[in-house]
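# Examining the three-dimensional arrangement
Listed below, chain by chain, are the residues.
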Amino acid sequence: MGKPQYIQIVIRLILLIVNGVIIVFSFKKGFLVNTIGFSLFLLFQFFLFTEYLKKLFTDIEKSIDCLLFNDYSNTISAEKRKNPLHNKTALLLEKHRKQSLTKTSEQLIFTNIIESLGIGILILKKDKNGEISVFQINKAFANFLKIPKFYNWNLLQTKIGELADFIKNWAAIKNTISLKINDDTENFFLKTAVTQTNEFEYLVVSLETIQQLIDKKEKEAWYKLMNVMSHEIINTITPIRSLAENLHSLLQEENTDEDTIDELLQGLSIIKRRSLHLTSFVDTYRKLTELPLPNKQEISLTETISNTLELYKQDFLAKKINLIFNTKDNFLINADKNQIEQILINIISNCLYALAETKHPEIEIQLSEENNRLHLAISDNGIGISNEIKENIFVPYFTTRKNGSGIGLTLTKSIVEAHKGSIHFNSKNGKTTFVITFVI
């Protein structure tokens, strides 16, 4: 409060005290009329004092009510703001008004971002009592499921079918699911995440169509392939261009001596060598794009592995590699024998490279069968695969080997996929394992 308000309150309190003293004095002297008169005057003074206090704090009380209920319509006049208490209240109200506007603007931006996404987004909010409400739902989510954008969870969960069962678990999951939509079954990639605040728990649900995932992976693969190809081509063309310019300048000289001829021959030799390298590069790309369809027949995978290992027998002995392959069962698959051998050669060659500096090198090959699936696991305890290159090892022409072509694992993956199989790897704790799975 300001100084004038303090003075008024003090004066009013003094008057009340003086009046009270007069009433006591009159009562003791027996002045009954005076006592009654000053008592009524005391009540009137007390009424004026309470009204003054009420008037003083009315605007403050209104402002506090506005803050409690997020209503910022109340304003305090410039005249009243001369009072420091009123001024501070007005500043507080203005601060919260601006914060509310900022929050509303940010919420609008957040909503627009969610709406612009091509994947379906549903964000649910759960309070401490377990009551669930819809915090956000975008157009893509509603379009995927062919439903209106319901913001009432009780109504929405009756429209999203089996998806509600996954949401009820209220846990982080990644899964491919099939949903029945208007008598048609569609496949989606479902991903959920849970986050906690002081008052609420949120579940973020994202839906992607399988085609969206395929398109995304294809685009990433093309970007990676273009980067590798442009890097290789530029590395080949740049020195050829430089040499061509140098040779052209030599040919412009009037006197051509033996040193000039030798330099010309050397330059042409380099151009030829780099051109052959570029031709070889293009030929390896053609091998990837023109991979023949597998000529499938029933073969013994156990026998094929044993025969392939015989090719590396001398390498194993020379490098003192401990080979573990003691499978006695005869595992049969329907596959192209030559292409399966190519897979084994590519992976074992990588194992040999990885084991070059290992003190106690070891290669282990395991075969196992489970649920109509035949798993081939090839492991080594070599240098492993670093996190920096894990995403690129199946990219065409990507290699960490000085003389590597960069298509071994790419070709391996293409062959495996041509056989309707899958390949993945794991590299940790000093052990790298490639697992190839065939359907039998």
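Residues numbered from 1 in each chain as written. Predicted model: local features only at pLDDT ≥ 70, side-chain atom pairs only at ≥ 80, totals over all residues. Heavy atoms only, no water.

As recorded in an unreviewed UniProt entry, the chain goes by the name histidine kinase, listed as coming from Polaribacter cellanae.

## A word on the overall build of the chain
Applicable threshold: Only runs of H or I of at least four residues qualify as helices and only runs of E of at least two qualify as strands under DSSP, and these elements are numbered from the N terminus. Burial here depends on accessible area, computed with a 1.4 Å probe over protein chains only, as a share of the maximum for the residue type. Under 20% is buried, over 50% is exposed, and the range in between is partly exposed. Residue contacts follow a heavy-atom distance rule, with two residues in contact if any of their heavy atoms lie within 4.5 Å.
Check the secondary structure of the chain and you find twelve helices and twelve strands. Sorting the 440 residues of the chain into buried and exposed places 33% on the buried side. For the chain, contacts bridging at least 24 residues in sequence account for 59% of all contacts bridging at least 6.

## Notes on the packing of helix α11 (residues 337–354) against helix α12 (residues 408–418)
Inclusion rule: Whenever a helix is involved, its axis is fitted only over the stretch in contact; in every case the axis is a line through C-alpha atoms, and angles between N-to-C directions fall within 0 to 180 degrees. Left-handed describes a crossing in which the near helix is turned anticlockwise from the far one by less than a right angle; the clockwise case is right-handed. When residue character is reported, Ala, Val, Leu, Ile, Met, Phe, Trp, Tyr, Cys and Pro are called nonpolar, Asp, Glu, Lys and Arg charged, and the others, Gly included, polar.
Where α11 contacts α12, the two axes come as close as 9 Å, and the packing angle between them is 145 degrees. Note on packing geometry: the crossing formed by α11 with α12 is left-handed. From α11, Gln 339, Gln 342, Ile 343, Asn 346, Ile 347 and Asn 350 reach across to α12, where they touch Gly 408, Leu 409, Leu 411, Thr 412, Ile 415 and Val 416. A class-by-class count of the residues in the contact of α11 with α12 yields six nonpolar, six polar and no charged.

## Looking at the pairing of strand β9 (residues 362–370)
Put simply, the rule reads: Each pair of strands is called paired provided DSSP finds at least two bridges between the two strands.
For strand β7 (residues 322–324) and β9, the ladder comprises three bridges, and the chain directions are parallel. Bridge assignment links Leu 323 to a residue of β9, and that residue is Ile 363. The sheet contact formed by β9 and strand β10 (residues 373–380) spans eight bridges and is antiparallel. Along β10, the bridge assignment pairs Ile 365 with Ile 378. Here β9 folds back onto β10 in antiparallel fashion, the turn holding two residues, of which Asn 371 has a positive phi close to 50 degrees.

## Some words on the sheet that holds strand β3 (residues 174–181)
Pairing is antiparallel in the open sheet, where five strands are placed in the order β2-β1-β5-β4-β3. One side of each edge strand has no neighbouring strand; the edge strands of this open sheet are β2 (132–137) and β3. Within the sheet, the average angular offset between the axes of one strand and its neighbour, ignoring direction, is 30 degrees. Where strand β4 (residues 184–196) lies against strand β5 (residues 201–209), nine bridges are found, and the strand directions are antiparallel.

## Digging into the pattern of salt bridges
So the rule is basically this: Between Lys or Arg on one side and Asp or Glu on the other, a salt bridge is scored when a side-chain nitrogen of the former is within 4 Å of a carboxyl oxygen of the latter.
Scanning all chains against the criterion turns up four salt bridges. Close ionic contact of Glu 94 with Arg 97 constitutes a salt bridge, the shortest N to O distance being 2.4 Å. Taken as a pair, Glu 94 and Arg 97 lie in helix α3 (residues 84–116) at a separation of three residues, close to a single helical turn. Note on Glu 94: relative accessible area 32%, which makes it partly exposed. When the shortest N-O distance is used, the salt bridge between Glu 115 and Lys 149 registers 2.6 Å. Of this pair, Glu 115 sits in helix α3 while Lys 149 sits in the loop between α4 (139–145) and α5 (153–156), placing them 34 residues apart in sequence. Among the residues examined, Lys 149 registers a relative accessible area of 33% and is labelled partly exposed.

## Examining the UniProt feature "transmembrane region" (unreviewed entry) in the chain
Counted only if it meets this: UniProt positions are given in the numbering used here, feature names are shortened, and annotations may be inferred rather than shown by experiment.
Here, the residues flagged by UniProt with the feature "transmembrane region" (unreviewed entry) are residues 6–24 and 31–49. Secondary structure across residues 6–24 divides into 100% helix and 0% strand, with the first and last C-alpha atoms of the span separated by 27 Å.

## A short note on the sheet that holds β9
One open sheet accounts for five strands, arranged β7-β9-β10-β12-β11; its pairing is mixed. The sheet terminates laterally at β7 and β11 (422–428), the two strands that pair on one side only. Averaged over all neighbouring strand pairs, the angle between strand axes comes to 15 degrees, with direction disregarded. The strands touched by helix α9 (residues 301–311) within the sheet are β7, β9 and β10, with β9 carrying the most contacts at an inclination of about 170 degrees. Packing of α11 onto the sheet brings it into contact with β9, β10 and β12 (431–439), and relative to β10 it is tilted by some 25 degrees.

## Observations regarding the packing of aromatic side chains
To describe a pair of aromatic rings, one takes the distance between the centres and the angle between the planes. For clarity, the threshold we go by: Note on aromatic contacts: the rings of Phe and Tyr and the six-membered ring of Trp form a pair at centre separations within 6.5 Å, being stacked when their planes are under 30 degrees apart, edge-to-face when over 60 apart, and tilted otherwise. A ring is scored as having a charge over it whenever the NZ atom of a lysine or the CZ atom of an arginine sits within 6 Å of its centre and within 35 degrees of its normal.
Applying the stated criterion across every chain yields a total of six aromatic pairs. Summarising the aromatic geometry, the rings of Phe 135 and Tyr 202 are spaced 5.4 Å apart at their centres and angled 75 degrees between planes, so their arrangement reads as edge-to-face. Pair noted here: Phe 135 is in strand β2 and Tyr 202 is in strand β5, with a separation of 67 residues, a long-range link. Taking relative accessible area as the criterion, Phe 135 reaches 28% and is therefore assigned partly exposed. Judged by its relative accessible area of 15%, Tyr 202 falls in the buried class. By the ring-pair criterion, three or more aromatic residues cluster together here, those being Phe 110, Phe 135, Phe 200 and Tyr 202. A cation over a ring is seen here: Lys 125 above Phe 200, with NZ or CZ 4.6 Å from the ring centre. Lying across the ring of Trp 170, Lys 126 places its NZ or CZ 4.4 Å from the centre.

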